[in-house]
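Letter by letter, the chains look like this.
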Amino acid sequence: MVTHQIKRVSLGHFPTPLHALPRLSEKLGGPQLFVKRDDQTGLATGGNKTRKLEFLVADALDRHMDTLITAGAPQSNHARQTAAAAAKAGMKCVLVLRGQPQSGRQGNLLLDELLGAEIRWAAREAVEATMSETANELSVKGYSPYLIPYGGSNPIGATGYVAAMEELMEQSRQMDLRFDRIVFASSSSGTQAGLVVGAKATGYTGQVLGISVDEKREDLQTKVAKLATETAAHLGQIMKFTPGDMDVNADYLGAGYAILGQPEREAIRLAAQTEGLLLDPVYTGRALAGMIDLIRKGCLRRDETVLFWHTGGTPALFAYAEGLVQ
Ligand SMILES: Cc1ncc(COP(=O)(O)O)c(C=O)c1O
């Protein structure tokens, strides 16, 4: 295991469940579908950031830092989970959220407050500067701030998904399963970069297919390849990844990031009504909508075994109540 030598704190519950989705498979007349439940990682309703934060918080504590600063959209799952990780580790947390202060408190934003994070609002182009100003201001006051990039996506955070791939391979071995493809929502590149490094390290030869939520295909391929190469180096592995080798599908961007459309609505209802499985409107709803379309087009065949990696996001459902019930 290539992640064993890296410092990690325990923030969640692992391994996450892995189970079949028989009624969804039947409804789609498609491959044998399974789901990896990273919506059940724990840490303030769960999600993919728990895995990244186990390594990021360990690094922060190792460096004697006492404050986590990160950034995201108003409904950022990453921000909410960072606030929870800080609370659990006894640290202070400042979240720099994009946009204008919002009057209503719903979904992740409500949880950010309950978890005790301080929220600062900044225009999109001022987010980075606000993060550094916040760090400087806190340093002057005697705090030791630790900056976490968007989505926790640097080599330390992405290590969480290298470990996730190691976990999946062990689980698949025990359950006698072999996945032809792994499909999931991809955005800031940390999840996909970790999975591709983990795939290479464990000998997984199926497809690791990221459904882009907000980036053009070439841009995301470039980001994933760069971060994967850096993550491997962080783990002492010599691996070189090129953009062309990264499997990214960006056909499902709809009207843009976090804009709920009919495909997401359909996917959310289908998963809920066939399997009692809740998806989120921004990431997993879009990824499953993409996967459903690929099944309907025959790109994912009936004789395949496919894993949908659920990456969390449940609280955002409540912030989209009006758009979901139409
Ligand atoms: C629920 C959920 N799924 C998927 C992603 C995408 O993961 P990554 O940013 O590592 O590509 C995010 C990122 O914020 C997320 O919140």
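Presented here is an overview of the structure given in this document. None of these values were measured; they are calculated from a predicted model. (Residues numbered from 1 in each chain as written. Predicted model: local features only at pLDDT ≥ 70, side-chain atom pairs only at ≥ 80, totals over all residues. Heavy atoms only, no water.)

1. Structural notes on the sheet that holds strand β5 (residues 118–122)
Now for step 1: The sheet built from four strands is open, its strands ordered β5-β4-β3-β6 with parallel pairing. Each end of this open sheet is capped by a strand with a single partner; those strands are β5 and β6 (145–147). Pairs of neighbouring strands in the sheet enclose a mean axial angle of 25 degrees, with direction left out of account.
Now for step 2: Here three bridges tie strand β3 (residues 67–72) to β6, and the two strands are oriented parallel to one another. Counted as the bridge partner of Thr67 is Pro145 from β6.
Now for step 3: Strands in contact with helix α4 (residues 107–114) are β4 (92–98) and β5; relative to β5, the strand with the most contacts, it is inclined by about 135 degrees. (Pairing = 2+ DSSP bridges. Helix = DSSP H or I, 4+ residues; strand = E, 2+ residues; numbered from the N terminus. Axes fitted to C-alpha atoms, helices over the stretch in contact; angles between N-to-C directions. Contact = heavy atoms within 4.5 Å.)

2. Brief notes about the environment of His13
Now for step 1: Residue placement: His13 occurs in the segment before β1 (18–20).
Now for step 2: Of the residues examined, His13 reaches a relative accessible area of 56% and is grouped as exposed.
Now for step 3: Once the C-alpha coordinates of His13 and Thr41 are considered, the two residues, 28 residues apart in sequence, prove to be 5.2 Å apart.
Now for step 4: Look past the residues within four positions of His13 in its chain and what remains in contact with it is Gln40, Thr41 and Gly42. (Buried < 20%, exposed > 50% of the residue type's maximum accessible area, 1.4 Å probe, protein only.)

3. Quick notes on the site of the ligand
Now for step 1: Of all residues adjacent to the ligand, which total 16 residues, the nearest are Lys49, Lys52, Ser188, Thr191 and Thr311.
Now for step 2: In this structure, Lys52 approaches the ligand through a side-chain N or O atom, which is 2.6 Å from an oxygen atom.
Now for step 3: One of the side-chain nitrogen or oxygen atoms of Asn77 is found 2.9 Å away from an oxygen atom of the ligand.
Now for step 4: Here the ligand is seated within the largest pocket.
Now for step 5: Contributing elements (two or more residues each) for the shell around the ligand: α2 (49–62), β7 (181–186) and α7 (190–202).
Now for step 6: Per-class residue counts for the shell around the ligand are two nonpolar, twelve polar and two charged. (Near = heavy atom within 4 Å. Polar contact = N/O pair within 3.5 Å; in protein donor to acceptor, adjacent residues only side chain to side chain. 1 Å grid on protein atoms, 1.4 Å probe; cavity = no way out; pocket = protein on both sides within 12 Å on 5 of 7 lines; lining within 4 Å. Sits in = over half its atoms within 2 Å of the grid points. Nonpolar A, V, L, I, M, F, W, Y, C, P; charged D, E, K, R; others polar.)

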